[in-house]
Amino acid sequence: MTVNLEVADGVGTIRLDRPPMNALDIATQDRLRELAEEATRRDDVRAVVIYGGEKVFAAGADIKEMQVMDHAAMVVRSKALQDSFTAVARIPKPVVAAITGYALGGGCELALCADVRIAADNAKLGQPEILLGLIPGAGGTQRLARLVGPSKAKDLIFTGRQVKADEALTLGLVDRVVPAAEVYEQAHAWAAKLAAGPALALRAAKESVDAGLETDIDTGLTIERNWFAGLFATEDRETGMRSFVEEGPGKAKFR
């Protein structure tokens, strides 16, 4: 398999495994969607790490595969391509991308689907599609602009340049830069901490932020209000408040 899902202690690791560069061919895209949907369904998966291995996250699409496709073929395929990445973005649980080496083109777009990005100090990210006479097609023009702002996104997309980890951090493209040997460990630790948290509240927080960004503030506030009130019906809310009153903050054990 070109992508695998391994689960331990509430953390599901979606592992790209297509040496040498984890090129995202059609089979890998489809498998990615399947495993994102599986991670969404499974109760034993409470947080997710997306990882490409020690050497590379994903260096982009399989150019040789795309080269033989004509307009009609890509009209059909482009929706499935976007759907694969959207399935990752819509996992209703905390998701962290552990980025080593290259995250270019589709690899960068995959990282953009995570809630948080932890990058190795030797990582390089970018959207080089313009150098092929194309634009990003797996969500890059939309998710990148929402993350770093339109002018910074346009600079990266217009030039196709690669940015090193330190510049990516300055741009807001990644959230943390760590030694390469620690990338997966730190990403897994982040996920494991949240896997022990209140699952429904985390889902509510993620969906409120993501849905709110796609609409006007009044609608966003309604989404937030409905989730906030709804959480008063959960056992986790009872546990959290009781623990706060009896033991102080931060000591609740959620089921």
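Since this is a predicted model, take the numbers as computed values, not measurements.

About the thresholds
- Residues numbered from 1 in each chain as written.
- Predicted model: local features only at pLDDT ≥ 70, side-chain atom pairs only at ≥ 80, totals over all residues.
- Heavy atoms only, no water.
- Helix = DSSP H or I, 4+ residues; strand = E, 2+ residues; numbered from the N terminus.
- Rg over C-alpha atoms; globule rule 2.2 N^0.38 Å.
- Buried < 20%, exposed > 50% of the residue type's maximum accessible area, 1.4 Å probe, protein only.
- Contact = heavy atoms within 4.5 Å.
- Areas by Shrake-Rupley, 256 points an atom, 1.4 Å probe, with all protein chains shown as cover.
- Lys, Arg positive; Asp, Glu negative; His and termini not counted.
- Charge placed at Lys NZ, Arg CZ, Asp CG, Glu CD.
- Salt bridge = Lys/Arg side-chain N within 4 Å of Asp/Glu carboxyl O.
- Pairing = 2+ DSSP bridges.
- Axes fitted to C-alpha atoms, helices over the stretch in contact; angles between N-to-C directions.

## A closer look at the overall build of the protein
So, step 1. The helix and strand inventory of the protein stands at eleven helices and nine strands.
So, step 2. The C-alpha atoms of the protein give 19 Å as radius of gyration, which agrees with the globular expectation for 255 residues (18 Å, within 12%).
So, step 3. Sorting the 255 residues of the protein into buried and exposed places 42% on the buried side.
So, step 4. Nonlocal contacts in the protein, meaning residues at least 24 apart in sequence, comprise 68% of its contacts between residues at least 6 apart.
So, step 5. On the protein, roughly 13,300 Å² of surface is accessible, and the fraction owed to carbon and sulfur atoms is 56%.
So, step 6. Taking the 31 positively charged and 36 negatively charged side chains of the protein as two groups, their mean positions are separated by 1 Å.

## Examining the pattern of salt bridges
So, step 1. Enumeration according to the criterion identifies 16 salt bridges in this entry.
So, step 2. With its nearest N and O atoms 2.8 Å apart, the salt bridge here joins aspartate 44 to arginine 42.
So, step 3. Judged by its relative accessible area of 37%, aspartate 44 falls in the partly exposed class.
So, step 4. Measuring nitrogen to oxygen at the nearest pair gives 2.7 Å for the salt bridge that ties arginine 255 to glutamate 235. Residue arginine 255 is found in the segment after helix 11 (235-247), and its partner glutamate 235 is found in helix 11; the two are separated by 20 residues along the sequence.
So, step 5. Residue class for arginine 255 comes out exposed when judged on its relative accessible area of 73%.
So, step 6. Residue glutamate 235 is classed as partly exposed on the basis of its relative accessible area of 40%.

## Considerations on unusual backbone geometry
So, step 1. A cis amide bond links proline 19 with the next residue in sequence, proline 20, at an omega value of 5°.
So, step 2. With respect to the helices, strands and loops of the structure, proline 20 is situated in the loop between strand 2 (11-16) and helix 1 (26-41).
So, step 3. One non-glycine residue, asparagine 22, lies in the positive phi region at around 55°.
So, step 4. Assignment of secondary structure puts asparagine 22 in the loop between strand 2 and helix 1.
So, step 5. Asparagine 22 sits in the buried class, given a relative accessible area of 5%.

## What to know about the sheet that holds strand 7 (residues 124-126)
So, step 1. Taken in spatial order, the three strands make up an open sheet running 5-7-8, and their pairing is mixed. Strand pairing shows two members of the sheet lacking a second neighbour, strand 5 (102-104) and strand 8 (162-164), which therefore form its edges. In this sheet, neighbouring strand axes are inclined to one another by 20° on average, regardless of whether the strands run parallel or antiparallel.
So, step 2. Sheet analysis places strand 5 next to strand 7, joined by three bridges and oriented parallel. Within the sheet, the bridge partner assigned to leucine 104 lies in strand 7 and is glycine 126.

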